[in-house]
Amino acid sequence: MTLIKSISGIRGTIGGAVDDNLTPIDAVKFAAAYGTWLKQQRDKDNYIVVVGRDARISGEMIQNLVMNTLVGLGIHVIDLGLSTTPTVEIAVPLEHADGGIILTASHNPKQWNALKLLNAKGEFLNGEEGQKILEIAESNSMNFAEVDDLGKITINDAYIDIHIDEVLDLELVNVNAIKDANFKVVVDGVNSTGGIAIPLLLERLGVEPVKLYCDPTGHFPHNPEPLKEHLGDLAKAVVKEHADFGIVVDPDVDRLAFMDETGEMFGEEYTLVACADYVLSKTPGNTVSNMSSTRALRDVTEKHRGTYEASAVGEVNVVTLMKKNNVVIGGEGNGGIIYPESHYGRDALVGVALFLSLLAEKKMKVSELRASYPNYFMSKKKIQLTPGLDVDGILKTMESNYSQEKLTTIDGVKIDFPDSWGHLRKSNTEPIIRIYTEAPSQEAADTLADRFISEIKAIANI
C-alpha cells in the first residue's frame, strides 16, 4: 500500500505499478482530475495554477508531468520551481490564480512524493472537494483542450524573496530587536528547499546562519522528519559553533523545530506554544491546535485569558476551526505554525520570525525559555498496517474498552485521563496507526503508548 489516495491529495512511492505506486501515469491522472475540477468551479476564459516543489529527487520529473497535464487542459501555469509549501500558498492569491499544486511528500523519505492541492485562497481543499477530485480521477471524465487552446508555462523564481518580504512586513515581527540581538543560528535544511529559504530569511533579519545540509539536492542526509533521534549532527553543530540555537525544518518547510544552545531539543510541540505565547502577549485571543497536540498550548492560552479548542488532525480541520473561533494563532503540534495575519497555512518562515522576536524581546537563552513553559512529555509511536486489518473495528473496540474515561471520537479515539492522554488514529498520509500519548514524564508517556500498542495487537491478533 504505497499509493495513498485521500481527500488531502495523492501520495506514494516512485516507481512500480500503476495504481499501486506514484507512477507518471498516476501523476498525470490526478493532475488532470484536479484541473478538471478547477474548471468546474467557475466558467472563465483563462485558468491559472501555481506549481512549486521541494527538492526531492523525483520532484522535477513529477512537476513536469503535472504542469504539462494542466497545459493540456488549457490551464496556464506559474512555475515557481524549487519552493516551499507556504510559499506556494502565498503565491496563489498574489497571482490571482485559481489554485495551486505543491509537489512534496513532506516528512516522508526520499522515495515518496505527492501532489498537495490548493484552492483559490491558497488553502488546502476540504473533504468534499478532495472527494470530488478522487471521483473524477476514477471516472476518467477529463476533457482536454484543442491545440489552439493549450495553456502556457510562465517561470517565476522570485517568490521565496516575496514570501520573506511578506514575513518581514508582519506587524509583530520585531526586525530591529532581532538585528540588535546578533543571533547565530545553525540551520538544518535536510538538503531541501528550507536550505534556501531559512538562511535567506535569517540574513534579512541580521542573524548569522550556519548552514548544515542546506544544498537542495534531495539527498536527505537523515530521516527528514524533524525528530530528536534524527538530529545528532545538528546537536553537535550547535554546540561546536557556540550558536544561540538550531533550526530544523522538513523538506517542504511547513514544519519547524528548534534546538537549544546546549544541543537539546526545544520540542517540536513547543514551537507552537512559544509562538502563541508571543502573539497572545501582543494580541490576546483564542487558539486552536489538533487533538494530537500538547496540553501546554491550552495552558499558555488560558494564561493570556484566551480559550483553547482542539480540532481533528489535518491542516484543513485546524484551519476550519480557527476561522470558526476567530483565533489569533493556531497550528499543529508537529511544529506547524498557522498565523492568520500572514495566511491560513503552516509556515516555518513565519514561525522562525515570531520565535526570534520573542527571544530578542525576552533576552533569555532558548533553554531558559523552554523551562518557563508547562512541562509535558509526549510519545509518538506507530503500528504498520497490513492488508485486511480492520482499523475501524480495532478503534471501536478500544473505544468500548475505555468507555468509562473521557473520550473524543471525531478523529480516531482520544482518551483523556486526569494527568495524561492518548490519541489513536489511522494516518491520512502513511499506512500506519498513530499512537500519540502525553504525560508528566517521558517514562509515563512511553509506558502508556506501549500499553495501547499491546492492547491493539491483542485485539488484531498481530
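See the structure above.
Residues numbered from 1 in each chain as written. Predicted model: local features only at pLDDT ≥ 70, side-chain atom pairs only at ≥ 80, totals over all residues. Heavy atoms only, no water.

Asks: Hey, could you run me through the nonpolar core in this one?
Replies: Core analysis: the largest hydrophobic core is formed by 59 residues, its most contacted members being Ile 247, Ile 329, Leu 354 and Phe 355. Here the element with the most residues in this core is helix H12 (residues 348–362); it accounts for 11 residues. Other than its neighbours up to four places away in sequence, Ile 247 contacts Val 185, Val 186, Val 187, Asp 188, Ile 198, Leu 202, Leu 234, Leu 256, Ala 257, Phe 258 and Val 352. Ile 10, Tyr 34, Ile 62 and Ala 137 belong to the second-largest nonpolar core, a separate cluster that totals 32 residues. (Core = buried A, V, L, I, M, F, W, Y, C linked by side-chain atoms within 4.5 Å. Buried < 20%, exposed > 50% of the residue type's maximum accessible area, 1.4 Å probe, protein only. Helix = DSSP H or I, 4+ residues; strand = E, 2+ residues; numbered from the N terminus. Contact = heavy atoms within 4.5 Å.)

Asks: I'm lost on helix H14 (residues 391–401) in this one. Help?
Replies: Taken residue by residue, H14 has Val 391, Ile 394, Leu 395 and Met 398 as its buried positions. Within H14, the buried residues cover an arc of 95° as seen down the axis, which keeps them to one side. Facing away from the buried side of H14 by more than 90 degrees, the exposed set consists of Asp 392 and Lys 396. (Arc of directions from axis to C-beta.)

Asks: Honestly, the pairing of strand S8 (residues 184–188) in this entry has me stumped. Any pointers?
Replies: In terms of residue burial, S8 counts as a mostly covered element, since 5 of its 5 residues are buried. Here S8 shows no split at all, with Lys 184, Val 186 and Asp 188 on one side and Val 185 and Val 187 on the other all buried. Pairing geometry for S8 and strand S9 (residues 208–212), over 5 bridges, is parallel. Counterpart to Lys 184 in the pairing with S9 is Glu 208. Since S8 and S9 lie parallel, the crossover through helix H7 (residues 194–204) that links them has a hand, and here it is right-handed. The pairing of S8 with strand S10 (residues 245–249) spans 4 bridges and is classified as parallel. (Pairing = 2+ DSSP bridges. Right-handed = clockwise from strand over helix to strand, strands pointing away.)

Asks: Explanation requested: the environment of Val 352 in the structure shown.
Replies: Tracing the backbone through its elements, the reader meets Val 352 in helix H12. Along the sequence, Val 352 and Leu 256 sit 96 residues apart, while their C-alpha atoms lie 7.9 Å from each other. When neighbours within four sequence positions are excluded, Val 352 is seen to be in contact with Ile 198, Leu 201, Leu 202, Ile 247, Leu 256 and Phe 258.

Asks: Would you explain the sheet that holds strand S12 (residues 287–290) in this entry?
Replies: What links the strands of a sheet is backbone hydrogen bonding, and the strands pair in either a parallel or an antiparallel sense. Pairing in this open sheet of 4 strands is mixed, and the strands run S13-S12-S14-S15 from one edge to the other. In the strand order of this sheet, the two ends are held by strand S13 (308–311) and strand S15 (336–338), each with one partner. Pairs of neighbouring strands in the sheet enclose a mean axial angle of 20°, with direction left out of account. Where S12 and S13 come together, 4 bridges link them in parallel fashion. Its bridge partner being in S13, Val 288 is matched across the sheet by Glu 309. The strands that helix H10 (residues 296–303) touches are S12 and S13; relative to S12, the one it contacts most, it runs at about 175°. (Axes fitted to C-alpha atoms, helices over the stretch in contact; angles between N-to-C directions.)

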